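Below, each chain spelled out in residue letters.
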Amino acid sequence: MTQSNGEGRSVDVVIVGAGFGGMYMLHHLRQLGFAAKVLERGDGVGGTWYWNRYPGARCDVESLFYSYSFDEQLEQEWSWSEKYSPQPEILTYANHVADRFDLRRDIEFETAVDRAVWDDAAAVWRIHTSKGETISAQHYVMASGCLSHSKLPEIKGVHSFRGPTYHTGHWPHEGVDFTGLRVGVIGTGSSGIQSIPLIAQQAAHVTVFQRTPNFSMPAGNRLLTEAEVSSMKADYRAQRQAAKESGFGVPVELPTKSALEVTEEERNAKYEQGWSEGNLVALLLAFTDVITDKAANDTAAEFIRNKIRSIVKDPQTAEDLCPFDHPVGTKRPCLDTGYYETFNRQNVRLVNLRRTPLTEITPSGVCTSEETFEFDAIVFATGFDAMTGALVNVDIEGRDGITLKDKWKDGTRTYLGLMVHGFPNFYTITGPASPSVFSNMMVSIEQHVELIGTILSHLRNNHKSAIEATKEAEDFWVEHNNEAGAATLYPLANSWYMGSNVPGKPRVLMPYIGGVGVYRQECDEIVADNFRGFTMRDARTPAMA
Ligand code: NAP
């Protein structure tokens, strides 16, 4: 129950974030009989899909799999219209879920957490909000998303531009009209690659500033047929189970052959299939070793580079768009609609920042080492302080006054990507060292929410007031995560997966690459083994073991 003790409110659980993680966490806890409140800094639900409203924003997991599986009626009553849902449709779905389960009455909008402090004597979190309130909660769940703390480029004069600037990660809700404008776009990750074709259709001229070319393939987006939707609805249980047992959270046929043991024709035919289906996972899992063996990966990389060369007419632009500095998949590959074709337009120019680096943003535009560009608007598609940004930018203070920021200064340390030694009753949904961004987020979110529900129910049923990951269990998991990463090509890239897009951030492969099926099994075994790796405190014991 929510109570007030005169010093502020008290609830069982505070959840931060009303995206898909926070919404399901709230619903699930209510079903289990806990009183929970969600604090959300925006004025609506949807998380990523609330903030990222740039033109062309679209999910790159197929709609039929990018949805909640926890309620069969919800599955049956909702119908997706496109193969890859556009942002507005996903946001409508999030709002539908909020209405359907009456979630809003326990969500406090336009409320952020400034600071959270564990009170060890009382075994509660004291959570200080941007509204000046302190809420006490036995449990504190961060459902704040892996890609929610946006970042600007570290360039001299970044705030000096006189005209409007937009970051793709917090796009104006009313949209932006670029008609007749000269626009500079900085960044060519998924957000840049999705938005550039649409901005180019509207603007008078677009200059794209590219530091690292990315691998992208056509999404092949289209309307879903009624037959496809109803066949999925009839088979949802089996499909959901297959997703849970899979590697990336989407059912896929597993490869049996190495890319290096087949003929070039056979290899390219397989890549062509992934390319024409617009299926990223199918391309990365076309062979057993695409993400583990450099020579195998090179064959996929060259296949995509040849596609780029065949689409882009100007040979120098085509070559500039070809990635050579990282293996395919080690930076998040993109799905696009007409990205490479956009560089054949007369009103679009690519600037290769590897040749002519950005030097400054000025009141009237952008300077590189060789040129000065004048713009009417600038778009920053420069990404996020991924995985940790939203967590360490809240002042979270655990046992003995350690902050999460200090604890992670040399790299993230978690047990299962869910809990942190020194931070009792604190949970990170899809946190670092869980499959998170290496998966269909919906699958990983649901698993973590249900696991937290299992933990909280266990504590309640056994009269325990607190749970904490042991140091040994955390050390083991950090090592396990690192070993899993080291067996792949991911550490070869300077990617946000590795933290390398943020100057000074420790270089560690943050997400867990073991696969969602394996990870789920590991978690289930830990629970079955009497919550191996956790200590619990009796309701009356003053300190953690
Ligand atoms: P991102 O992938 O991190 O891309 C940021 C871009 O900005 C990169 O091209 C980066 O270059 C460039 N950049 C950053 N700082 C710069 C600087 N100082 N100077 C020049 N260039 C700079 O960010 P994002 O595109 O927003 O995507 C982030 C993630 O969100 C994606 O990987 C994906 O997981 C998710 N996302 C998914 C979808 C989808 O579902 N379809 C859509 C959008 C985003 P470098 O590469 O050289 O650092």
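Just so we're clear, the structure is a prediction, and the values are computed from it rather than from any experiment.

Engineer: Just checking my understanding: could you explain the pairing of strand S6 (residues 124-129) for this structure?
Structural biologist: Two faces make up the sheet, and in a regular strand the side chains alternate between them. The sheet contact formed by strand S5 (residues 113-119) and S6 spans six bridges and is antiparallel. What sits directly across from alanine 116, in S6, is isoleucine 127. As consecutive antiparallel partners, S5 and S6 are separated by four residues, and within that stretch alanine 123 has a phi angle of approximately 55°, a positive value. Sheet topology places S6 next to strand S7 (residues 134-142); four bridges connect them, and they run antiparallel. The residue bridging histidine 128 from the neighbouring strand is threonine 134, located in S7. The antiparallel hairpin formed by S6 and S7 contains four residues in its connecting segment, where glycine 132 sits at a positive phi of about 85°.

Engineer: Just checking my understanding: could you explain the sheet that holds strand S15 (residues 365-368) for this structure?
Structural biologist: Paired through their backbone hydrogen bonds, the strands of a sheet run either parallel or antiparallel. Taken in spatial order, the three strands line up as S14-S15-S16 in an open sheet, and their pairing is antiparallel. Because the sheet does not close on itself, it has two edges, and the strands there are strand S14 (358-362) and strand S16 (372-374). Across the sheet, the mean angle from the axis of one strand to that of its neighbour is 20°, orientation sign disregarded. Bridge count for S15 against S16 is three bridges, and the pairing is antiparallel. Along S16, the bridge assignment pairs cysteine 367 with threonine 372.

Engineer: Could you clarify how one ought to interpret the sheet that holds strand S13 (residues 348-352) in this entry?
Structural biologist: Here five strands make up an open sheet; going across it, the order is S8-S17-S9-S10-S13 and the pairing parallel. Edge positions in the sheet fall to strand S8 (165-167) and S13, since each of these pairs with one other strand and no more. Neighbour-to-neighbour, the strand axes of the sheet open up by a mean angle of 20°, direction not taken into account. Judged from the five bridges that link them, strand S9 (residues 182-186) and strand S10 (residues 205-210) form a sheet pairing that is parallel. In the sheet register, valine 185 faces S10, and the bridge partner there is valine 208.

Engineer: In this structure, what is going on with the environment of valine 206? I would like to understand it.
Structural biologist: By secondary structure assignment, the location of valine 206 is in strand S10. Separated by 200 residues in sequence, valine 206 and aspartate 406 have C-alpha atoms that sit 42 Å apart. Those residues in contact with valine 206 that lie beyond four places of it in its chain are Val183, Val185, Ile199, Ala200, Asn347, Val348 and Arg349.

Parameters and conventions
- Residues numbered from 1 in each chain as written.
- Predicted model: local features only at pLDDT ≥ 70, side-chain atom pairs only at ≥ 80, totals over all residues.
- Heavy atoms only, no water.
- Pairing = 2+ DSSP bridges.
- Helix = DSSP H or I, 4+ residues; strand = E, 2+ residues; numbered from the N terminus.
- Axes fitted to C-alpha atoms, helices over the stretch in contact; angles between N-to-C directions.
- Contact = heavy atoms within 4.5 Å.

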